[in-house]
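# Breakdown of the fold
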Amino acid sequence: MVKRPILALIHILESFTEWTGKLISWLTLFMVLVVVAVLVLRNVFSFSAIPLQESVTYMHAIVFMLGAAYTLKHSDHVRVDVFYHRFSHRTKALVDMAGFLILLLPVCIFLIVYSLDYVIFNWKLKEGSSQPGGLPYLYMLKALLLALPITLIIQGTAQFLHNLAYLLGWKPLPHGADEDTESVPQVTSDKGLHHG
């Protein structure tokens, strides 16, 4: 049956996004610690630690580029919402699926196609820092131009399949509905209440 493999694939894809997102989130802590270390070395010991300074740029790029899929998974990206919050779960699922096919997927494919030759060229060149004593791994950093769209496609596919599973009746709620408290009306009842 098709249901089990699709549900298993959704779990695998979303677990990958969740795991990578939580892993790279630790870089934000390291960024703060490294910035403090750079400031102490510069202002107290008059020592300019170029590799440490550049490592902050590397970590920031990794958090931003690889954290985008995690942000998408948890619907924490910026959204100008005029009509969406009023839609039913079914309509939201259809809108999200159309958004993936019409917007997210084509943009990600464009980024991959547009960046591929550039990344390959930099890997062949083994491009490093332009600063003396800087990090020699700039070509690895530029590979994030491919990692960003690939991870977004992975998470976008997971959400598309999740919404499809909801429309087919395989899942009780569409993607993000369990986190969207505004779309779930709170029903209160005074049954069982005792008035003194």
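Provided above is the structure to which this section pertains.
Quick notes on the rules
Residues numbered from 1 in each chain as written. Predicted model: local features only at pLDDT ≥ 70, side-chain atom pairs only at ≥ 80, totals over all residues. Heavy atoms only, no water. Helix = DSSP H or I, 4+ residues; strand = E, 2+ residues; numbered from the N terminus. Buried < 20%, exposed > 50% of the residue type's maximum accessible area, 1.4 Å probe, protein only. Contact = heavy atoms within 4.5 Å. Areas by Shrake-Rupley, 256 points an atom, 1.4 Å probe, with all protein chains shown as cover. Core = buried A, V, L, I, M, F, W, Y, C linked by side-chain atoms within 4.5 Å. Expected span 1.5 Å × (residues − 1). Bend = angle between axes of the 7 residues up to and from the residue. Phe/Tyr/Trp six-rings, centres within 6.5 Å; stacked < 30°, edge-to-face > 60°. Axes fitted to C-alpha atoms, helices over the stretch in contact; angles between N-to-C directions. Left-handed = near helix turned anticlockwise from the far one by under 90°. Nonpolar A, V, L, I, M, F, W, Y, C, P; charged D, E, K, R; others polar.

## Structural notes on the overall build of the protein
Looking only at helices and strands, one finds 5 helices and 0 strands in the protein. The order of helices and strands in the protein, counted from the N terminus, is α-α-α-α-α. The buried share among the 196 residues of the protein stands at 32%. A sequence separation of at least 24 residues applies to 73% of the contacts in the protein between residues at least 6 apart. Entry remark: accessible area of the protein is about 13,000 Å², with carbon and sulfur atoms responsible for 69%.

## Notes on the nonpolar core
In terms of nonpolar packing, the biggest core is built from 11 residues, these being Tyr58, Ala61, Met65, Ala69, Leu72, Cys108, Leu135, Leu141, Leu144, Leu148 and Leu152. At the level of secondary structure, the elements contributing two or more residues to this core comprise α2 (50–73) and α5 (144–167). Of all the elements, α2 adds the most residues to this core, at 5 residues.

## Considerations on helix α3 (residues 89–125)
The terminal C-alpha atoms of α3, which comprises 37 residues, lie 50 Å apart, in line with the 54 Å expected from a rise of 1.5 Å per residue. In α3, a bend of some 40 degrees at Phe100 exceeds every other bend along the element. Contact partners of the buried residues in α3: α4 (138–142) and α5.

## Concerning the packing of aromatic side chains
By the definition in use, this model includes 4 aromatic pairs. Measuring from centroid to centroid gives 6.2 Å for Tyr84 and Phe87, while their planes differ by 65 degrees, and the two rings are edge-to-face. Its relative accessible area of 32% is what places Phe87 among the partly exposed residues. Summarising the aromatic geometry, the rings of Phe100 and Phe160 are spaced 5.8 Å apart at their centres and angled 45 degrees between planes, so their arrangement reads as tilted. Here Phe100, found in helix α3, pairs with Phe160, found in helix α5; they are 60 residues apart in sequence, far enough to count as distant.

## Brief notes about the packing of helix α1 (residues 3–43) against α5
The relative placement of two packed helices comes down to the angle between their axes together with the axis-to-axis distance. Between α1 and α5, the shortest axis-to-axis distance is 9 Å and the interhelical angle comes to 140 degrees. Our pair here, α1 against α5, has a crossing hand that is left-handed. Residue-level contacts link Ile6, Leu7, Leu9, Ile10, Leu13, Glu14, Phe16 and Thr17 of α1 to Thr151, Ile154, Gln155, Thr157, Ala158, Leu161, His162 and Ala165 of α5. Of the residues contributing to the contact of α1 with α5, the split by class is 10 nonpolar, 5 polar and 1 charged.

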